[in-house]
Amino acid sequence: MPKTTAEKLTPTRAKLSVEVTLDELEPYLKQAYKTISEQVSIPGFRKGKVPAQIIDQRVGREAVIQEAVNHSLDDFYQAALAEADERPMGRPTADVANWPDAKDPKSTLGLVFEVEVRPEFSLPDYDGITLTVDNAEVDAAAVEAELTKLRERFGTLVTVDRPAKTGDFVELDLVASVDGEEVDQASGVSYEVGAGNLLEGTDEAVETLTAGESTTFTSQLLGGEHEGRDAEVSLTLTAVKERELPEADDEFAQLASEFDTIAELRESLEEQVARASVFAQGQQARDLFTETLIEQAGIPVSEELVEEEVHRHLEGEGRLEDDEHRAEVRVSSEKQIQLQLLLDAIVEAEEVTPTQNELSQYIFQSAQQYGMEPTQFLQAISQGNQMGVILGEVTRNKALAIALAKANVVDQNGKAVDLSEFTAVDTETEDEGAADAAEEAPAAEKPAKKSPAKKAAAKKADAADDAEVSDEEAAKKAARSAAAKKAAATRAAKKAAAEAEAAE
């Protein structure tokens, strides 16, 4: 086994120096001779049948050694990680510190890898930790608000002859001009006054207008060829409608729910508001729990990983030059990396693995959110190499629920808060495929070389990205199971959606 010397450059970055003898390189040298033999054309020899000594004469022993190094980098890198007991968190770099002398059988190959690694920290004791959350408020106003939302869903729009006001629904004709030239127009646009999802200035322009009246205002265009430019917008209001709500009576209860009376519906809404209040307490407790543990653990953060995430985020938004937003994204990226490290530590401490049911439900609910069938969703994430990401998310979520269940959560009055529903996890026997997949650590990314072997190392890096989805079979099985459990997952999704809506 090659000799590895590990050095911590920072709490989050390691340097691995590897010394490889020619004997240890020999298997790769044999493969290098075979590869070169299939590539070169030498008179008197068929491709793939050129002897090693002829290759040494015509191509050179140095070229053979370089080819061998190209194909051995990843193996030596993985061996060095294992020997140093380091867990990579980013793409490494690789340099050849010294090449072996082709004429000296005792010479060695020197490799140097540098990579961002998981920092060392002590996981704080969270068993029995006390968390204080807000009181769960279930008052008549909250119940009435939920009833109003339900009535709005069954409301009807009625045309009125008066100036528009906030909450009305209007129909608009819009024409946008830049430098006196018409660049865009839309007719019959339906808009709720006050929604704020049209051009900036629309609400101010519409209010006080009656049907048939027009006005103009200046606004910045949000898309198209002239995106970002100020345009003069001509607006004509063609109709004003207000929403009439049905009476909150027994007839409405029968129309909008499974209940026969409005009293039963109100009672159900009160229970829904109560569940939403507990759900809100659970979210608050979860945030307090993770923030407290992160602060106590003092988890170091890799500046390189943070900068990569910030750049990726800002580039996606087209805001690379926005320094103020960059600072905000940097803070959130640091917290997200710390949270992932914390949850990974809890996963190990609690020996968490997801069950088949948990994977199935996650896949089905995610597919439902995107309006896709589970098999279609599975195909999409498979093509995007996201299997490992999904498994990691399910595992971390479960670990957080298990750990939070061990906390002592109380409200402002010191009353214990029951979060058993919020922290519930699947207790069935863990599926062997899911367990095996969860235990498999994602393969380390391959070195991006600075040495002459850079091209081959890049190919190795691409192979590593594919290796990260070694748990694909478990996820596929989960998706197949998801389709079979569609009805149960639908009920769970509806319940979660209702509670989330109530929490808002």
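Residues numbered from 1 in each chain as written. Predicted model: local features only at pLDDT ≥ 70, side-chain atom pairs only at ≥ 80, totals over all residues. Heavy atoms only, no water.

### A word on the overall build of the protein chain
Inference 1: The secondary structure content of the protein chain amounts to 16 helices and 12 strands.
Inference 2: Taken across its 504 residues, the protein chain has 39% of its residues classed as buried.
Inference 3: Contacts spanning at least 24 positions in sequence make up 70% of the contacts within the protein chain whose residues lie at least 6 apart.
Inference 4: Of the roughly 27800 Å² that the protein chain leaves accessible, carbon and sulfur atoms contribute 46%. (Helix = DSSP H or I, 4+ residues; strand = E, 2+ residues; numbered from the N terminus. Buried < 20%, exposed > 50% of the residue type's maximum accessible area, 1.4 Å probe, protein only. Contact = heavy atoms within 4.5 Å. Areas by Shrake-Rupley, 256 points an atom, 1.4 Å probe, with all protein chains shown as cover.)

### A word on unusual backbone geometry
Inference 1: Positioned with a positive phi, D85 is a non-glycine residue whose angle comes to about 55°.
Inference 2: Tracing the chain through its elements places D85 in the loop between α3 (61–84) and β3 (93–98).
Inference 3: Judged by its relative accessible area of 68%, D85 falls in the exposed class.
Inference 4: The phi dihedral of N385 is positive, around 55°, even though this residue is not glycine.
Inference 5: Along the chain, N385 falls in the loop between α11 (374–383) and α12 (387–404).

### Considerations on the nonpolar core
Inference 1: In terms of nonpolar packing, the biggest core is built from 33 residues, with L131, F289, I346 and V409 touching the most fellow members.
Inference 2: No other element matches the eight residues that helix α9 (residues 323–350) contributes to this core.
Inference 3: Setting aside its immediate chain neighbours within four residues, V409 contacts L131, V133, A285, K415, A416, V417 and L419.
Inference 4: Grouped together as the second largest cluster of nonpolar side chains are 32 residues, L25, A32, I65 and V69 included. (Core = buried A, V, L, I, M, F, W, Y, C linked by side-chain atoms within 4.5 Å.)

### A closer look at helix α8 (residues 303–317)
Inference 1: The end-to-end C-alpha distance of α8 is 21 Å, a good match for the 21 Å that 15 residues give at a rise of 1.5 Å each.
Inference 2: Taken together, the buried positions of α8 are occupied by L305, V306, V310 and L314. Viewed end-on, α8 has its buried residues packed into an arc of 155°, placing them on one side of the element. Residues of α8 that are exposed and point over 90 degrees away from its buried face: E315 and G316. (Expected span 1.5 Å × (residues − 1). Arc of directions from axis to C-beta.)

### Structural notes on the pattern of salt bridges
Inference 1: Using the criterion set out here, one finds 25 salt bridges in the structure.
Inference 2: Between E86 and K8 there is a salt bridge, with the nearest N and O atoms lying 3.8 Å from each other. Taken together, the positions of E86 in the loop between α3 and β3 and K8 in strand β1 (residues 3–10) put the pair 78 residues apart, joining distant regions of the chain.
Inference 3: The buried category is assigned to E86, whose relative accessible area is 14%.
Inference 4: In this structure, R330 and E334 form a salt bridge, with 3.9 Å as the shortest nitrogen-oxygen distance. Of the two residues, R330 and E334 are both situated in helix α9; the distance of four residues between them amounts to about one turn of the helix.
Inference 5: The class of R330 is partly exposed, set by a relative accessible area of 23%. (Salt bridge = Lys/Arg side-chain N within 4 Å of Asp/Glu carboxyl O.)

### A short note on the side chain of T290
Inference 1: Along the chain, the position of T290 falls in helix α7 (residues 262–297).
Inference 2: Judged by its relative accessible area of 9%, T290 is buried.
Inference 3: Among all residues touching T290, those that are not within four sequence positions of it are L339, L342 and L400.

### Side note on the packing of aromatic side chains
Inference 1: Following the criterion strictly, the structure yields six aromatic pairs and no others.
Inference 2: Between Y77 and F113, the aromatic rings sit 5.2 Å apart at their centres with planes inclined by 50°, giving tilted as the arrangement. In this pair, Y77 sits in helix α3 while F113 sits in strand β4 (residues 108–116), placing the two residues 36 residues apart along the sequence. Each member of the pair Y77 and F113 is classed as buried.
Inference 3: Centre to centre, the rings of F279 and F422 are 5.5 Å apart; their planes meet at 70°, and the pair counts as edge-to-face. (Phe/Tyr/Trp six-rings, centres within 6.5 Å; stacked < 30°, edge-to-face > 60°.)

### Some thoughts on the packing of α8 against α9
When two helices pack together, you describe them by how their axes are tilted relative to each other and by the distance separating the axes.
Inference 1: Two elements in contact, α8 and α9, have axes separated by 9 Å at closest approach and are oriented at 130°. One finds that α8 runs oblique with respect to α9. Every pair of crossing elements has a handedness; the one defined by α8 and α9 is right-handed. Packed against α8, whose contacting residues are E303, L305, V306, E307, E309, V310, H313, L314 and E317, the element α9 presents H325, R326, V329, R330, S333, E334 and I337 at the interface.
Inference 2: The residue makeup of the contact of α8 with α9, split by class, is six nonpolar, three polar and seven charged. (Axes fitted to C-alpha atoms, helices over the stretch in contact; angles between N-to-C directions. Parallel < 35°, antiparallel > 145°, perpendicular 65-115°, else oblique. Left-handed = near helix turned anticlockwise from the far one by under 90°. Nonpolar A, V, L, I, M, F, W, Y, C, P; charged D, E, K, R; others polar.)

### Regarding the confidence of the model for the protein chain
Inference 1: Mean pLDDT over the protein chain: 84, with 85% of residues reaching 70 or higher.
Inference 2: Contacts for the low-pLDDT stretch residues 429–446, under 50 throughout, to residues beyond four places or in other chains number 50 contacts.
Inference 3: Note that residues 448–504 has pLDDT below 50 and, in this model, 101 contacts with residues that lie over four places away or in other chains. (pLDDT = per-residue confidence, 0-100.)

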